[in-house]
Amino acid sequence: MKSVVWFKEEVEPYLKGFEIKYKFFEKGDFGELNQVEFNSKEKGGEIDFWSTGWLGVHLVDYMKGDELLNVFLEPHQEIEKENILERLRELLQ
């Protein structure tokens, strides 16, 4: 399962010009939440990594005013998680 560690190693190095914030919430709707918020002048969003396996991904193009991704996946949707995280990485590069 992907996590904040994955983001730091596989995505963050490519995010030139982004402000990145890591947040942790002990008691969330779906367990503990590790959230990564990333923003630049052009794009921004967040990834929610829940301890119970849920995954949320949100990405907005600020220049066009378009929502590029807004996905909330269940713990068993592993293939979909891989696909959406790869899509996120492509859109951020």
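Provided above is the structure to which this section pertains.
Quick look at the structure, then.

What counts as what
- Residues numbered from 1 in each chain as written.
- Predicted model: local features only at pLDDT ≥ 70, side-chain atom pairs only at ≥ 80, totals over all residues.
- Heavy atoms only, no water.
- Core = buried A, V, L, I, M, F, W, Y, C linked by side-chain atoms within 4.5 Å.
- Buried < 20%, exposed > 50% of the residue type's maximum accessible area, 1.4 Å probe, protein only.
- Helix = DSSP H or I, 4+ residues; strand = E, 2+ residues; numbered from the N terminus.
- Contact = heavy atoms within 4.5 Å.
- Phe/Tyr/Trp six-rings, centres within 6.5 Å; stacked < 30°, edge-to-face > 60°.
- Salt bridge = Lys/Arg side-chain N within 4 Å of Asp/Glu carboxyl O.

### Notes on the nonpolar core
Among the nonpolar cores identified, the biggest contains 20 residues, and Phe-7, Phe-38, Ile-47, Val-57, Leu-88 and Leu-92 are the most heavily contacted of them. Those elements that place two or more of their residues in this core are helix 1 (4-10), strand 2 (31-39), strand 3 (43-50), strand 4 (55-61), strand 5 (66-73) and helix 2 (78-92). Broken down by element, the residue count for this core peaks at 5 residues, all from helix 2. Beyond its immediate sequence surroundings of up to four residues, Phe-7 is in contact with Glu-12, Pro-13, Leu-15, Ile-20, Tyr-22, Val-36, Phe-38 and Ile-47.

### Some details on the packing of aromatic side chains
The tally for this structure, following the rule as stated, stands at 6 aromatic pairs. For the ring pair Phe-7 and Tyr-22, a centre distance of 6.3 Å and an interplane angle of 75 degrees mean the geometry is edge-to-face. In this pair, Phe-7 sits in helix 1 while Tyr-22 sits in strand 1 (residues 19-28), placing the two residues 15 residues apart along the sequence. By relative accessible area, Tyr-22 is classed as partly exposed at 33%. On the numbers, 5.2 Å between centres and 55 degrees between planes, the contact of Phe-30 with Phe-72 is tilted. Placement of Phe-30 in the loop between strand 1 and strand 2 and of Phe-72 in strand 5 is noted, with a sequence separation of 42 residues between them.

### Topic: the pattern of salt bridges
One pass over the structure, following the stated rule, counts 6 salt bridges. When the shortest N-O distance is used, the salt bridge between Glu-37 and Lys-23 registers 2.8 Å. Here Glu-37 is found in strand 2, whereas its partner Lys-23 is found in strand 1, with 14 residues between them in sequence. Of the charged contacts in the structure, one is a salt bridge between Arg-87 and Glu-90, with a shortest N-O distance of 3.6 Å. With a gap of 3 residues between them, Arg-87 and Glu-90 both fall in helix 2, about one helical turn apart. Under the relative-accessibility criterion, Arg-87 is labelled partly exposed at 41%. Bridged by salt links that share partners, the residues Glu-10, Glu-86 and Arg-89 form one connected network.

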